Amino acid sequence: MAYQLSDINAAVRRDPVGFMEECDQGYQDKIARAAEKICENMSKSPVVLLSGPSGSGKTTTAEKLSQELERRGVRTHAVSMDDYFLRPDSEGAPRTPGGAIDYESPEMMDLKLLDEHFAKLTRGEWILVPKFEFARQMRNDSRGRPLKLGADEVAIFEGIHALNTQLTSRHPDATRLYVSARSDVKGEDGRVMFKRTWLRLTRRAVRDYNFRGTDVGGTLDMWVNVRRGEKLYISPYKDTAHIKFDTALAYEAPVMACYAKPLMEAVPGENQRRGELLQLVAALDRFEPIDPGLVPPESLLHEFIG
């Protein structure tokens, strides 16, 4: 799918609040369809697997799915697959082509424990959801969370490797969802003016700065391996999902420009990717801006802007 730059700018000039509400309703309609699929499949499996690349809005999507399912009488339990990370082993850890530990690889996950937990939850047995402490790069079982699913309950496992066949082949009945920002923005001549990958990079850069203490330069340094990991470990499995949907919002670039432009313009000139970054900034200038204070409180964007 692609949006038209002229349509976006016309809608922003005409009624920015109404435009955002319309876009958010479209996203909520996708949430409702996904919830319906989960409900239909509950008799086969109470496990829901939600995957998507970095910056796709997985966390907010999982939260909104939980809210929608609760409205339908289904109690939900959100589980971050990040808590199933293994402590990095300097000897046996997977490596990037540059020799660094490859944190995007599924080999960094405790796939055996995830497999065991999926099976136990399906049988109605107790598990202890682990807690991974990233500051110490280790799991702390004393902070683990016991979980057992009763009738009309599901567990939503959210993570970039949720659809990897090393997991799903042993649990084919689990409901599988894939989300990503999949829409480009095109100009009148049909050329792409703002790429979908730029949208996700913008989301990630703003989120990293706001919540993770990482400047845009640091995000760019990680982005090359993030994209490499997506192509190797995430995208190949997206077509195994029962439901795929686009989380890109047509009003997003007009809002994100207010946050991203000053951060991106401050990246030092010696950064190897500064040229592409300046192209992204120039593309943001083509959008009519939206005051971030107008963004609805339930918007997906709050995952990234706060």
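For the structure itself, look to the data block above.
Residues numbered from 1 in each chain as written. Predicted model: local features only at pLDDT ≥ 70, side-chain atom pairs only at ≥ 80, totals over all residues. Heavy atoms only, no water.

### Notes on the packing of helix 6 (residues 196–211) against helix 8 (residues 252–265)
Consideration 1: Between helix 6 and helix 8, the least distance of the axes is 10 Å, while the angle of their chain directions is 60 degrees. Put simply, helix 6 runs oblique to helix 8. Classified by chirality, the crossing of helix 8 by helix 6 is left-handed. Judged by residue contacts, Leu 199, Thr 202, Arg 203, Ala 205, Val 206 and Tyr 209 of helix 6 engage Glu 252, Met 256, Tyr 259, Ala 260, Leu 263 and Met 264 from helix 8. (Axes fitted to C-alpha atoms, helices over the stretch in contact; angles between N-to-C directions. Helix = DSSP H or I, 4+ residues; strand = E, 2+ residues; numbered from the N terminus. Parallel < 35°, antiparallel > 145°, perpendicular 65-115°, else oblique. Left-handed = near helix turned anticlockwise from the far one by under 90°. Contact = heavy atoms within 4.5 Å.)

### Description of the packing of aromatic side chains
Working definition: an aromatic ring pair is given by the centre-to-centre distance plus the angle between the planes.
Consideration 1: Scanning the entire structure with this criterion turns up 6 aromatic pairs.
Consideration 2: Ring geometry for Tyr 27 and Phe 245: centres 6.3 Å apart, planes at 65 degrees, overall edge-to-face. Of this pair, Tyr 27 sits in helix 2 (residues 16–41) while Phe 245 sits in strand 12 (residues 243–246), and the two are 218 residues apart along the sequence. No difference in accessibility class separates Tyr 27 from Phe 245, as the two residues are buried.
Consideration 3: Measuring from ring centre to ring centre gives 4.8 Å for Phe 118 and Phe 157, while their planes differ by 80 degrees; the resulting arrangement is edge-to-face. Taken together, the residues span a long stretch of sequence, with Phe 118 in helix 4 (residues 111–122) and Phe 157 in strand 8 (residues 153–158) at a distance of 39 residues. For the residue pair Phe 118 and Phe 157, the accessibility class agrees, reading buried in each case.
Consideration 4: Among the aromatic residues, ring-to-ring pairing joins Tyr 84, Phe 118 and Phe 157 into one connected group. (Phe/Tyr/Trp six-rings, centres within 6.5 Å; stacked < 30°, edge-to-face > 60°. Buried < 20%, exposed > 50% of the residue type's maximum accessible area, 1.4 Å probe, protein only.)

### Considerations on the pattern of salt bridges
Consideration 1: Taken as a whole, this structure holds 21 salt bridges when the rule is applied.
Consideration 2: Among the salt bridges present, the one from Arg 273 reaches Glu 276, with a minimum N-O distance of 2.5 Å.
Consideration 3: Here the salt bridges share partners, and the residues they tie into one network are Glu 68, Arg 71 and Arg 72. (Salt bridge = Lys/Arg side-chain N within 4 Å of Asp/Glu carboxyl O.)

### Overview of helix 1 (residues 5–14)
Consideration 1: When we look at burial in helix 1, the residues that qualify are Leu 5, Ile 8, Asn 9, Ala 11 and Val 12. Viewed along the axis of helix 1, the buried residues span an arc of 160 degrees, placing them on a single side of the element. In helix 1, those exposed residues whose orientation departs by more than 90 degrees from the buried face are Arg 13 and Arg 14.
Consideration 2: Packed against the buried residues of helix 1 are strand 1 (2–4), helix 2, strand 10 (184–186), strand 11 (192–194) and helix 8. (Arc of directions from axis to C-beta.)

### Topic: the side chain of Thr 247
Consideration 1: One can find Thr 247 in the loop between strand 12 and helix 8.
Consideration 2: Residue classification places Thr 247 among the buried residues on the basis of a relative accessible area of 0%.
Consideration 3: Polar contacts involving the side chain of Thr 247 include one to the main-chain carbonyl oxygen of Ser 56, which spans 2.7 Å.
Consideration 4: Filtering out sequence-adjacent residues up to four positions away, Thr 247 remains in contact with Tyr 27, Ser 56, Thr 61, Val 179, Ser 180, Ala 181, Arg 203, Glu 252 and Leu 300. (Polar contact = N/O pair within 3.5 Å; in protein donor to acceptor, adjacent residues only side chain to side chain.)

### Things to note about the environment of Ile 160
Consideration 1: Tracing the chain through its elements places Ile 160 in the loop between strand 8 and helix 5 (165–168).
Consideration 2: Residue class for Ile 160 comes out partly exposed when judged on its relative accessible area of 22%.
Consideration 3: Between the C-alpha atom of Ile 160 and that of Ala 11, which follows or precedes it by 149 residues, the distance is 34 Å.
Consideration 4: Once you skip the residues sitting within four places of it in the chain, Ile 160 turns out to touch Ser 51, Gly 52, Lys 58, Glu 104 and Ile 234.

### Quick look at the sheet that holds strand 10
Consideration 1: Spatial ordering of the open sheet is given by 1-10-11, a layout of 3 strands whose pairing is mixed. Whereas interior strands pair on both sides, the edge strands pair on one side only; in this sheet they are strand 1 and strand 11. Recorded for the sheet is a direction-independent mean angle of 50 degrees between the axes of neighbouring strands.
Consideration 2: Of the pairings in the sheet, the one linking strand 1 to strand 10 comprises 3 bridges and is parallel in character. The partner of Tyr 3 across the bridge, within strand 10, is Val 185.
Consideration 3: Sheet strands in contact with helix 6 are strand 10 and strand 11, and its direction is about 5 degrees off that of strand 11. (Pairing = 2+ DSSP bridges.)

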